[in-house]
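Chain by chain, the residues:
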Amino acid sequence: MHTTRQTCLERDAQDPLRHLRDLFELPADTIYLDGNSLGPLPKATPERVAATVQQAWGQDLIRSWNSAGWFEWPLRVGDKIGQFIGAQPGQTVATDTTSINLYKVLKAALALRPGRSRIVSERSNFPTDLYIAQGISRDSGHRVELVDQDDIAGALNGDVAVLMLTHVNYRTGAMHDMAALTRAAHEAGALVIWDLAHSAGAVPVDLLGADADFAVGCGYKYFNGGPGAPAFAWVHPRHVDAAWQPLSGWWGHAAPFAFDPQYEPASGIARYQCGTQAIISLCALDVGMDTFLASQALGGMAALRAKSLALTDLFMQLVDDFASANGLSVVTPREHGKRGSQVSLSCAHGAYAMVQALIARGVIGDFRAGDAQQADILRFGFTPLYLRFVDVWDAAQALRDVLHSGEWQAAPFQQRQAVT
Ligand SMILES: *Cc1c(COP(=O)(O)O)cnc(C)c1O
């Protein structure tokens, strides 16, 4: 059937997930294609955060650590996340940032593979992951080896302690085969850390099924926990009690309120906490997870994935009509099994200004700079919780108009801001 704006509206009317959009505060006249970078505000968040501030903090004061269960929140919220990453209850903790959690799990993993000198990762990994590995290796003497995607399996040998990968690439949206790469690493005797920043809440993830060793991920992207929301850490039960994590603060102690001068790690994932947690931020993340959990009654991650693929297929199909004539090309893999929930377009010149011109039209995507190897990227995240097929149509139309009118060449769109 020929796709028109009308057929998109008809698909929306048939979409079993269509009411989930009502759970979000989305500004009028905005098509938000950046939920992979900062998820939007759930409608329930302001009231729940206000209750935590005014009642639990304001009135109940320190008693809330017990009466509101604050002390348990990192594990309680962690279990809500765990449902979407193939974890069992008690294996996931919501805490700190992705970078900090990566530091913890990478140090723990290295401690479990003494005598091996290399950490293997991808050159195109998100830089913070590489920076954390580089920082650790300055002290530990490990060598950080960065390879291209096709060379990962070949880089695995008896000297590799840890394979550290991001499941879905932040620039291109390409997705690794988690089970196959985990198996290859294990055959070489290495452990695997998966960064799920662009996969948790975006694609079905089965950490236990893939036999992964460690994982980390974000709370403010697809889980809509708010800017700087706590991140999460997951550790396979076979490792969780086998190593200390390096930030051995009192919240990870077996008995924090015994105030023992000797550190004794808690058993289980609780030891991956460090110090007092950001309770108000955890509250907002908790609402983000409750909002996400509303999808469970409608088919959960499988239904979200089906819609995500339909949205991204549609966007690629629409953009194909005019992209190459304007110097753009889709760099996200077409094959469903090989991509996450975003579509990235590469462009030799003007990508930043094109994104700015789109934002001026109310279509919010983002820009990621290229380097010697890779062209600049226009990046569009598609989140099936609140996006409609008609939004995809309108966004593609806006991009077509921005290109055909040449309006992106106007001076104001060329000015780079601090955050791209
Ligand atoms: C977004 C992202 C992060 C963010 O790390 P923070 O510590 O939360 O700033 C880390 N890794 C990857 C792969 C990401 O995409």
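Read on for a plain summary of the structure. The structure presented is a predicted model; accordingly, all values stated were derived computationally and were not measured. (Residues numbered from 1 in each chain as written. Predicted model: local features only at pLDDT ≥ 70, side-chain atom pairs only at ≥ 80, totals over all residues. Heavy atoms only, no water.)

1. Describing the nonpolar core
To be explicit about the condition: Nine residue types can take part in a nonpolar core, namely buried Ala, Val, Leu, Ile, Met, Phe, Trp, Tyr and Cys, and a core is a set of them joined through side-chain atoms within 4.5 Å. Working definition: with a 1.4 Å probe on protein chains only, accessible area under 20% of the residue-type maximum means buried, over 50% means exposed, and in between means partly exposed. Each helix is a run of H or I in the DSSP string that is no shorter than four residues. Each strand is a run of E no shorter than two, and both are numbered from the N terminus. Segment limits for the domains were obtained from an automatic or database-derived domain assignment. Only heavy atoms enter the contact rule, under which two residues are in contact if any of them lie within 4.5 Å.
In this structure, I85, L196 and L378 are the most contacted members of the largest nonpolar core, which totals 98 residues. For this core, the element with the highest residue contribution is helix α14 (residues 389–405), accounting for 10 residues. When residues of this core are assigned to domains, at least three fall in each of domain 1 (5–32 + 301–414) and domain 2 (47–294). Among residues more than four places away in sequence, those in contact with L196 are I85, H167, M178, V205, L207, A215, V216, G217 and F232. The next biggest cluster of nonpolar side chains, apart from the first, holds 26 residues, and it includes V93, A108, I119 and F214.

2. Structural notes on the sheet that holds strand β14 (residues 366–368)
Note the threshold: Here the rule is simple: two strands pair whenever DSSP picks up at least two bridges between them. Throughout, an axis means a line fitted to C-alpha atoms (over the contacting stretch in the case of helices), and angles, computed between N-to-C directions, take values from 0 to 180 degrees.
Pairing in this open sheet of 4 strands is antiparallel, and the strands run β11-β12-β15-β14 from one edge to the other. The open sheet has two edge strands with one neighbour each: β11 (328–330) and β14. Sheet twist, expressed as the mean angle between neighbouring strand axes with direction ignored, is 30°. As judged from the 3 bridges shared by β11 and strand β12 (residues 342–347), these two strands associate in the antiparallel manner. Note on β12: the bridge partner recorded for S329 is S346.

3. Things to note about a nonpolar patch on the surface
Note the threshold: Patches draw on residues past 30% relative accessible area with no salt bridge. Two like charges within 9 Å are joined, as are two nonpolar side chains (Val, Leu, Ile, Met, Phe, Trp, Tyr) within 5 Å. Surface accessibility follows the Shrake-Rupley procedure with a 1.4 Å probe radius. Residue values consider only the protein chains on display as shielding. When a carboxyl oxygen of Asp or Glu is within 4 Å of a side-chain nitrogen of Lys or Arg, the pair counts as a salt bridge.
A surface patch of nonpolar side chains, amounting to about 440 Å² of accessible area, comprises W57, L61, I62 and I280. Within the fold, I62 resides in the loop between α2 (45–57) and α3 (64–67). By relative accessible area, which is 67% here, I62 ends up exposed.

4. Thoughts on the site of the ligand
Put simply, the rule reads: Think of it this way: one heavy atom of a residue within 4 Å of a molecule or strand is enough to make that residue near it. Counted as a polar contact is a pair of N or O atoms within 3.5 Å, where, for protein atoms, one must be capable of donating a hydrogen and the other of accepting one, and residues adjacent in sequence contribute only when both atoms are in side chains. Three classes are used: nonpolar for Ala, Val, Leu, Ile, Met, Phe, Trp, Tyr, Cys and Pro, charged for Asp, Glu, Lys and Arg, and polar for all others, with Gly counted as polar.
Around the ligand, 13 residues are found, and the nearest of them are S99, D129, D195, Y220 and K221. Residue D195 places a side-chain N or O atom 2.9 Å away from a nitrogen atom belonging to the ligand. Between the ligand and the protein, one listed contact pairs an oxygen atom with a side-chain N or O atom of K221 at 2.7 Å. For the ligand, the protein covers 86% of the area, taking 390 Å² as the surface of the free molecule. Residue classes in the shell around the ligand are distributed as 4 nonpolar, 6 polar and 3 charged.

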